[in-house]
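# Tertiary structure, described
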Amino acid sequence: GKDLQHNVLRVVQGHDHPWLLSHQLQAQDASWCAGQPPTPGEAVRVVTTKWGDRPHWEFAGRYLGADDHGDWVGFPAGSRFARPGAEFVSPVDQVTVLPRNGAGWVATFHAPGGSVRVYVDITTPPVWEGVVVSLVDLDLDVIERLDGTVVVDDEDEFAEHRVAFGYPADLV
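The paragraphs below set out a description of the structure included in this document. Keep in mind that what you see is a predicted model, and the values were worked out from it rather than measured.

The rules behind these values
Residues numbered from 1 in each chain as written. Predicted model: local features only at pLDDT ≥ 70, side-chain atom pairs only at ≥ 80, totals over all residues. Heavy atoms only, no water. Pairing = 2+ DSSP bridges. Helix = DSSP H or I, 4+ residues; strand = E, 2+ residues; numbered from the N terminus. Phe/Tyr/Trp six-rings, centres within 6.5 Å; stacked < 30°, edge-to-face > 60°. Buried < 20%, exposed > 50% of the residue type's maximum accessible area, 1.4 Å probe, protein only. Lys NZ or Arg CZ within 6 Å of the ring centre and 35° of its normal. Salt bridge = Lys/Arg side-chain N within 4 Å of Asp/Glu carboxyl O.

### With respect to the pairing of strand β7 (residues 86-89)
In this sheet, β7 lies alongside strand β6 (residues 80-83) in antiparallel orientation, the contact comprising four bridges. Residue pairing in the sheet places R80 in a bridge with V89 of β7. What sits between β6 and β7 in their antiparallel hairpin is a turn of two residues, with G85 showing a positive phi close to 85°.

### Remarks on the packing of aromatic side chains
By the definition in use, this model includes eight aromatic pairs. For the ring pair F81 and F88, a centre distance of 5.9 Å and an interplane angle of 50° mean the geometry is tilted. On the basis of relative accessibility, which here comes to 39%, the residue F88 falls in the partly exposed class. Where F158 meets Y167, the ring centres are 5.7 Å apart and the plane angle is 55°; that geometry is what we call tilted. Its relative accessible area of 16% is what places F158 among the buried residues. Residue placement shows R54 over the ring face of F165; its charged tip is 3.6 Å from the ring centre.

### A few points about the pattern of salt bridges
Using the criterion set out here, one finds seven salt bridges in the structure. Among the salt bridges present, the one from E58 reaches R45, with a minimum N-O distance of 3.6 Å. Separated by 13 residues along the polypeptide, E58 in strand β4 (residues 54-67) and R45 in strand β3 (residues 43-50) bring together distant segments of the chain. Given the relative accessible area of 32%, E58 is considered partly exposed. The partner of E87 in a salt bridge is R80, with the nearest N and O atoms 3.1 Å apart. Connected through shared salt-bridge partners, K50, D137, D139 and E157 make up one network.

Written out as structure tokens, the structure reads:
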């Protein structure tokens, strides 16, 4: 149980204690599993998977710092992004914000000269462990194109994977 007035969290044992029967959890100001956040300028690794722990994109970047929007990671032009069967080298600088508030998305902003302005991946909330951040890509993307139009991409992939990989109802 929790006592908000005194900032106390009570932990219990067993699987049937009444305090364990809540249907939701609300968390704010989450922190790292492995101590302190990376230092600005420190090398970090982003590891994404698809549902069911299937490998997806992995790439290295530099931790830029944090603000009210989340943690910022930079990827200079020439950064290599790889996944099974595909590789991409970015022609422009990019910066990604990874929200800290439990939100299920990450947004990447591309410098002029890229193929899009903004690319938002719908994901599970990012989880940091030291200098590695992991998340599950849930297929849907919101993209701002160079001409300013905004599209939702991969709705068909989401619908297919939702059934094929058994996305939980509370996730969708």
